[in-house]
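Listed below are the residues making up each chain.
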Amino acid sequence: MTVDTYRPRRSVLYIPASNDKALAKLGSLACDAVIIDLEDAVPPADKAAARDKVAGILANREKRCEMVVRINPLASEWGADDLLAVAKTEPDGILLPKIGAPRDILEAGDLLDDNSVPDGVKLWAMVETPRALLNIGAIAELGRDPASRLNCFVAGTNDLVKATGVLADRRYLMPWLMQLVLAARAGGLDVIDGVANDFRDLDAFAGECAEAAAMGFDGKSLIHPAQIEPANRAFSPAPEALAQARAIRDAFARPENVGKGVIALDGRMVERLHLAQAEKLLAKAAIIGA
């Protein structure tokens, strides 16, 4: 995603569509995006009623916060009705769970197109199955085609643990998470790390956010408002990084360096690719107010 189209997604908070108390606090939250959940957090008996509430929730949305709705899998008894009902409310995005192949994205996009849903309604995809990981390159390639609407990946780490039987320890998830980041970058997509289940241990959560930021993730999916501030901090440019970016920009702007491809700065070789990275970082920092 280019700076021109950049939207910060440092903190992406799940809120069950059936949780009125949590929904009432939407306007006071400092997260970059909210995912209104119709899937895991809503029991089967409540799914139809939760779907009916989405229109009211989105009618009062705040423009500063990106609003996404996670529907039930299209293959489920609720999925197709979820997709069409949610699409009518024109959220910023619709999160598709349990994807496995490019066809899952394309079928959802076709349904939106057939019902004249505006192009501004994007598709997000949960990567939470072994099949999705095996097909992740082909799925990510859809990000290069605006007609697919694919805009963002979200890691479903709990479901990956369940589906594979791997120990619930991030050390064993690392290869898959890095594969997901690599695919997202190849497809020009944003990518959001999975949730941390212990929302009371904010020190451990901050460490997990720092780790995810270092891995290349754009943000973290959250399950509690207390996690918003640590996530925003971890995925914002550090003061040291901003200072270095300004130094690189200023160095290339000096008359003696105009037109040079490589310069020396503080004993380091700096190329124009570093200038491009610096300018991108500074532009993103300006957008989020860092």
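Since we're looking at a predicted model, the values are computed, not measured.

Asks: Mind showing me how you'd approach the overall build of the protein chain here?
Replies: Broken down by element type, the protein chain carries 12 helices and 10 strands. The C-alpha radius of gyration of the protein chain comes to 20 Å, within 12% of the 19 Å expected for a compact globule of 290 residues. Along the longest, intermediate and shortest principal axes, the C-alpha atoms of the protein chain span 70 × 40 × 40 Å. Residues classed as buried in the protein chain amount to 47% of the 290 residues present. Considering only residue pairs separated by 6 or more positions, the protein chain has 71% of its internal contacts joining residues 24 or more positions apart.

Asks: Explain the side chain of Arg70 to me, please; I cannot follow it from the model alone.
Replies: Residue placement: Arg70 occurs in strand S3 (residues 66-70). In this structure the side chain of Arg70 is engaged in a polar contact, spanning 3.4 Å, whose partner is the side chain of Glu39. Those residues in contact with Arg70, other than ones at most four positions away along the chain, are Tyr14, Ile35, Ile36, Asp37, Leu38, Glu39, Asp40, Leu95, Pro97 and Met126.

Asks: Looking at this structure, how should I read the pairing of strand S5 (residues 122-127)?
Replies: The element S5 is extensively covered by neighbouring structure, given that 5 of its 6 residues are classed as buried. Note that strand S4 (residues 93-96) and S5 share 4 bridges and pair parallel. Along S5, the bridge assignment pairs Leu95 with Trp124. Note that S5 and strand S6 (residues 150-155) share 5 bridges and pair parallel. Paired with Leu123 across the two strands is Leu150, which belongs to S6.

Asks: What exactly am I supposed to notice about the pairing of strand S8 (residues 219-222) here?
Replies: Walk down a regular strand and you will see the side chains alternate between the two sheet faces. Where burial is concerned, the two faces of S8 agree: the one with Gly219 and Ser221 and the one with Lys220 and Leu222 are both buried. With 3 bridges connecting them, strand S1 (residues 11-16) and S8 associate as parallel partners. Residue pairing across strands places Leu13 opposite Leu222, the latter belonging to S8. The parallel pair strand S7 (residues 190-193) and S8 is bridged by helix H9 (residues 202-215), and the resulting crossover is right-handed.

Asks: What is the right way to read helix H3 (residues 79-88) from this model?
Replies: At 3.6 residues per turn, the α-helix brings residues three or four places apart onto the same side. Within H3, the full set of buried residues consists of Gly79, Asp82, Leu83, Val86 and Ala87. The buried residues of H3 occupy one face: seen down the axis, they fall within an arc of 120°. Looking at the buried residues of H3, the elements they touch are helix H2 (47-59), S3, S4 and helix H4 (102-114). The first or second residue beyond H3 is Glu90, which carries a positive phi of 55°.

Asks: Quick question: what am I supposed to make of the side chain of Ser148 here?
Replies: As for its position among the elements, Ser148 is in the loop between helix H6 (136-141) and S6. Residues contacting Ser148, with those up to four places away along its chain left out, are Ile105, Leu123, Leu142 and Gly143.

Asks: Explanation requested: the pattern of salt bridges in the structure shown.
Replies: A pair can form between side chains of opposite charge whenever their charged atoms are brought close. Counted under the stated rule, the structure contains 24 salt bridges. Among the salt bridges present, the one from Arg9 reaches Glu66, with a minimum N-O distance of 2.7 Å. Of this pair, Arg9 sits in the segment before S1 while Glu66 sits in strand S3, and the two are 57 residues apart along the sequence. Residues joined by salt bridges that share partners form a network here, namely Asp37, Glu39, Asp40, Arg70, Lys98, Glu128 and Asp159.

Asks: Just checking my understanding: could you explain the packing of aromatic side chains for this structure?
Replies: Each aromatic ring pair is described using two quantities: the centre-to-centre distance and the angle formed by the ring planes. Across all of its chains, the model carries 0 aromatic pairs by this definition. When the ring centre of Trp78 is taken as reference, the NZ or CZ atom of Lys47 above it lies at 5.1 Å.

Asks: Any chance you could explain the environment of Ala49 here in plain terms?
Replies: Along the chain, Ala49 turns up in helix H2. When its relative accessible area of 46% is taken as the criterion, Ala49 is described as partly exposed.

Asks: Looking at this structure, I do not really get the packing of H3 against H4. What am I missing?
Replies: The relative placement of two packed helices is expressed as an angle between their axes plus a distance between the axes. Running from N to C, H3 and H4 point in directions that differ by 50°, and their axes come no closer than 10 Å. By the angle between their axes, H3 is oblique relative to H4. In terms of crossing hand, the pair formed by H3 and H4 is right-handed. Judged by residue contacts, Leu83, Leu84 and Ala87 of H3 engage Ala108, Leu111 and Leu112 from H4. For the contact of H3 with H4, a count of residues per class yields 6 nonpolar, no polar and no charged.

How each quantity is defined
Residues numbered from 1 in each chain as written. Predicted model: local features only at pLDDT ≥ 70, side-chain atom pairs only at ≥ 80, totals over all residues. Heavy atoms only, no water. Helix = DSSP H or I, 4+ residues; strand = E, 2+ residues; numbered from the N terminus. Rg over C-alpha atoms; globule rule 2.2 N^0.38 Å. Buried < 20%, exposed > 50% of the residue type's maximum accessible area, 1.4 Å probe, protein only. Contact = heavy atoms within 4.5 Å. Polar contact = N/O pair within 3.5 Å; in protein donor to acceptor, adjacent residues only side chain to side chain. Pairing = 2+ DSSP bridges. Right-handed = clockwise from strand over helix to strand, strands pointing away. Arc of directions from axis to C-beta. Salt bridge = Lys/Arg side-chain N within 4 Å of Asp/Glu carboxyl O. Phe/Tyr/Trp six-rings, centres within 6.5 Å; stacked < 30°, edge-to-face > 60°. Lys NZ or Arg CZ within 6 Å of the ring centre and 35° of its normal. Axes fitted to C-alpha atoms, helices over the stretch in contact; angles between N-to-C directions. Parallel < 35°, antiparallel > 145°, perpendicular 65-115°, else oblique. Left-handed = near helix turned anticlockwise from the far one by under 90°. Nonpolar A, V, L, I, M, F, W, Y, C, P; charged D, E, K, R; others polar.

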